[in-house]
Amino acid sequence: HFHMQSESLISPLMQAIAHQHYKVRVAVIQATGAVIQFGNAKSLDDVLSHLAQRCFDDIPQVREAVISVIGEWLLHLRDRYSFFHKLIPLLLSGLTDEIHENKELALSYWKKVGLQWEKENEDDIKDKLDFFSVPSYYPPGMVRPDLGCRELVIRNIFKILPGLCNDLTDWVEGTRIKTSQLLIILLQHAEDHITQHMEVLLRTLYRVCSDEETIVVRNVFYVEQLLCCVEALIDVCQEDCREISLQLIKILISVAAIPNAGHLHVKLEEATASLADAQHLAGVVGLYRQHITQLMEWVSSTHADWTCYSPEVLQLDVIATQSGPVIANVLEAFIHILKTCLQTSKDPQMRLKLFSTFSQLLQKPGETVNSQG
């Protein structure tokens, strides 16, 4: 009988889930967990967006209730396999909670979920269980997630990524930050399986760090998370980075060009060097030599319309000053940009920035614009 009546309880519960008293919110979340678990699981889609909002609740006990309910569903819900791709991101978000106890609770549930899945699918993963070994490229000091946890992410990430990429460009700052933290966790679980999803992921990451209109480019913490995503990709992909090297260097250049990202200078240098090392190139100069023509085409495609607010002006500065002698390989294209953009009719602040870039190169012409004689 309860199964038949449970759907009628969902609407009043969802109306009370944002109640001003946190104890009421906790009680509503716990009640929702029971209604879905012992009633009609089809109602899950009606409550997930509300529960996702409670992941941002200011009160730790409310976030703890969400973690517990999602964890219990992942372990005991009758139709849980069909809902994995919707529930996993919510539980993994708990791993980034600012309260240590909530993190530990989320991790405890996640390990139980992974172990249960391993037991239920033992025949499918027997070879992986028998020949378990940590990959040589695995970052030192990082704890590798259990096999069941990794498999759950690998088998569901193609359904998770579209929504995740959408949230990375959400207008709400908190959503973007939480999503970028979740992305790092997913990358750690997916390991080299992420390479088949590179196109959609890199397109989103590049769009995020190129958006000069939103708070994204002013949010230092968010940019740092973005940089961590790129570092995780390089760690995971290693030599396979060759396939996505151009997209990754574009992201690194875009981050370096963000005005208040100066404190990330060392981290950016390390990430750029890692990208070169993964491909066995001769340092950062070798990396730029590999991509300089495409980078100049990319940055200059709209140069006739540049203003002082155009991110491409700062991106060109990064390319010109970091590529060393390689800039001489595209000197014609570089001079063409200067000729167009230094016209007296153009934005004065933009012209000043370009003059500054050019004068920097002329301080050591033999190592930059005149390196080829």
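Treat the numbers as computed from the prediction; the structure is a model and nothing was measured.

Undergrad: Explain the overall build of the chain to me, please; I cannot follow it from the model alone.
TA: Broken down by element type, the chain carries 18 helices and zero strands. Along the longest, intermediate and shortest principal axes, the C-alpha atoms of the chain span 85 × 50 × 30 Å. The buried share of the chain, reckoned over its 373 residues, is 50%. Considering only residue pairs separated by 6 or more positions, the chain has 70% of its internal contacts joining residues 24 or more positions apart. In the form shown here, the chain has an accessible surface area of approximately 18400 Å², with 53% of it arising from carbon and sulfur atoms. The chain carries 32 positive and 46 negative side-chain charges, and their two centres are separated by 2 Å.

Undergrad: Explanation requested: the pattern of salt bridges in the structure shown.
TA: Pairs can form between side chains of opposite charge whenever their charged atoms are close. In the structure shown here, the tally under the stated rule is nine salt bridges. Taking the shortest distance from any N to any O, the salt bridge between Asp317 and Lys353 comes out at 4.0 Å. With Asp317 in helix 16 (residues 311-322) and Lys353 in helix 18 (residues 348-362), this residue pair connects regions lying 36 residues apart in the sequence. Connected through salt bridges with shared partners, the residues Arg25, Arg54 and Asp57 form a single ionic network.

Undergrad: Quick question: what am I supposed to make of helix 2 (residues 7-16) here?
TA: Owing to its 3.6 residues per turn, the α-helix brings residues three or four apart onto one side. Of the positions making up helix 2, those classed as buried are Ile10, Leu13 and Met14. For helix 2, the angular spread of the buried residues around the axis is 95°, confining them to a single face. Residues of helix 2 that are buried make contact with helix 3 (22-38) and helix 4 (44-54).

Undergrad: Help me understand helix 7 (residues 100-120) in this model?
TA: With 21 residues, helix 7 ought to run about 30 Å at 1.5 Å a step, and its terminal C-alpha atoms sit 30 Å apart, in line with that. Taken residue by residue, helix 7 has Asn102, Ala106, Tyr109, Trp110, Val113, Gly114, Trp117 and Glu118 as its buried positions.

Undergrad: Help me understand the packing of helix 4 against helix 6 (residues 80-93), please; the structure alone is not making it clear to me.
TA: Working note: a packed helix pair is described by the angle between its axes plus the distance between those axes. Where helix 4 meets helix 6, the closest approach of the two axes is 11 Å, and the angle between their N-to-C directions is 15°. Relative to helix 6, the element helix 4 is oriented roughly parallel. Like other packed secondary-structure pairs, helix 4 and helix 6 cross with a definite hand, here left-handed. Where helix 4 abuts helix 6, its residues Leu44, Asp45, Leu48 and Ala52 lie against Phe83, Lys86, Leu87 and Leu90. Residues of the contact of helix 4 with helix 6, tallied by class, amount to six nonpolar, no polar and two charged.

Undergrad: Please explain the packing of aromatic side chains as it appears in this structure.
TA: Think of a pair of aromatic rings as described by two things: how far the centres are apart, and how the planes are tilted against each other in angle. Evaluation of the coordinates by the stated rule reveals two aromatic pairs. Its guanidinium or amino end placed over the ring of Tyr109, Lys112 lies 5.5 Å from that ring's centre, counting from NZ or CZ.

Undergrad: I would appreciate a short explanation of the confidence of the model for the chain in the present structure.
TA: Atomic detail in the predicted coordinates should be set aside for any region of low pLDDT. For the chain, per-residue confidence averages 86 on the pLDDT scale, and residues scoring 70 or more make up 91% of the total. In this model residues 212-217 is a low-confidence stretch, pLDDT under 50, and it forms 14 contacts with partners more than four residues away in sequence or in other chains.

Undergrad: Explanation requested: the nonpolar core in the structure shown.
TA: Taken as a class, soluble globular proteins show a tendency for nonpolar side chains to be buried jointly. Trp73, Ile194 and Leu201 are the most contacted members of the largest nonpolar core, which totals 113 residues. Residues in contact with Leu201, not counting those within four places in the same chain, are Leu161, Cys165, Leu183, Leu187, Ile194 and Leu233.

Undergrad: Just to check I follow, could you spell out the packing of helix 14 (residues 265-278) against helix 15 (residues 283-300) for this structure?
TA: In the contact formed by helix 14 and helix 15, the axes pass within 8 Å of each other and the chain directions differ by 70°. It follows from the interaxial angle that helix 14 and helix 15 lie roughly perpendicular. Within the contact between the two elements, helix 14 uses Thr272, Ala273, Leu275 and Ala276 and helix 15 uses Gly283, Val284 and Leu287.

Undergrad: Could you clarify how one ought to interpret the side chain of Ser254 in this entry?
TA: The residue Ser254 is located in helix 13 (residues 245-256) in this model. A distance of 3.5 Å separates polar atoms of two side chains, one belonging to Ser254 and the other to Gln315.

Undergrad: Would you mind showing me how to read the environment of Gln188 here?
TA: Within the fold, Gln188 resides in helix 10 (residues 173-190). C-alpha of Gln188 to C-alpha of Thr204: the two residues are 16 residues apart in sequence and 18 Å apart in space.

Undergrad: Teacher, can you tell me more about the environment of Leu352 here?
TA: With respect to the helices and strands, Leu352 occurs in helix 18. On the basis of relative accessible area, Leu352 is assigned to the exposed category, the value being 62%.

Undergrad: Explain unusual backbone geometry to me, please; I cannot follow it from the model alone.
TA: Excluding glycine, most residues fall at negative phi; most peptide bonds, likewise, are trans. Phi angles above zero are rare outside glycine, and Gln238 is one such case at about 45°. Summarising the element assignment, Gln238 is placed in the loop between helix 12 (220-237) and helix 13. Judged by relative accessible area, Gln238 falls into the partly exposed class, the value being 28%.

Undergrad: What exactly am I supposed to notice about a negative patch on the surface here?
TA: A cluster of acidic residues, Asp192, Glu239, Asp240 and Glu243, forms a negative patch on the protein surface. With respect to the helices and strands, Glu239 occurs in the loop between helix 12 and helix 13. By relative accessible area, which is 45% here, Glu239 ends up partly exposed.

Undergrad: It is not clear to me how the environment of Leu338 should be interpreted in this structure. Could you clarify?
TA: Within the secondary structure, Leu338 sits in helix 17 (residues 331-341). Residues Leu338 and Leu354, spaced 16 residues apart in sequence, show a C-alpha to C-alpha distance of 7.3 Å. Beyond its immediate stretch of four places on either side in the chain, Leu338 contacts Leu354 and Phe358.

Cut-off values and rules
Residues numbered from 1 in each chain as written. Predicted model: local features only at pLDDT ≥ 70, side-chain atom pairs only at ≥ 80, totals over all residues. Heavy atoms only, no water. Helix = DSSP H or I, 4+ residues; strand = E, 2+ residues; numbered from the N terminus. Buried < 20%, exposed > 50% of the residue type's maximum accessible area, 1.4 Å probe, protein only. Contact = heavy atoms within 4.5 Å. Areas by Shrake-Rupley, 256 points an atom, 1.4 Å probe, with all protein chains shown as cover. Lys, Arg positive; Asp, Glu negative; His and termini not counted. Charge placed at Lys NZ, Arg CZ, Asp CG, Glu CD. Salt bridge = Lys/Arg side-chain N within 4 Å of Asp/Glu carboxyl O. Arc of directions from axis to C-beta. Expected span 1.5 Å × (residues − 1). Axes fitted to C-alpha atoms, helices over the stretch in contact; angles between N-to-C directions. Parallel < 35°, antiparallel > 145°, perpendicular 65-115°, else oblique. Left-handed = near helix turned anticlockwise from the far one by under 90°. Nonpolar A, V, L, I, M, F, W, Y, C, P; charged D, E, K, R; others polar. Phe/Tyr/Trp six-rings, centres within 6.5 Å; stacked < 30°, edge-to-face > 60°. Lys NZ or Arg CZ within 6 Å of the ring centre and 35° of its normal. pLDDT = per-residue confidence, 0-100. Core = buried A, V, L, I, M, F, W, Y, C linked by side-chain atoms within 4.5 Å. Polar contact = N/O pair within 3.5 Å; in protein donor to acceptor, adjacent residues only side chain to side chain. Patch = residues over 30% accessible without salt bridge, like charges linked within 9 Å, V, L, I, M, F, W, Y side chains within 5 Å.

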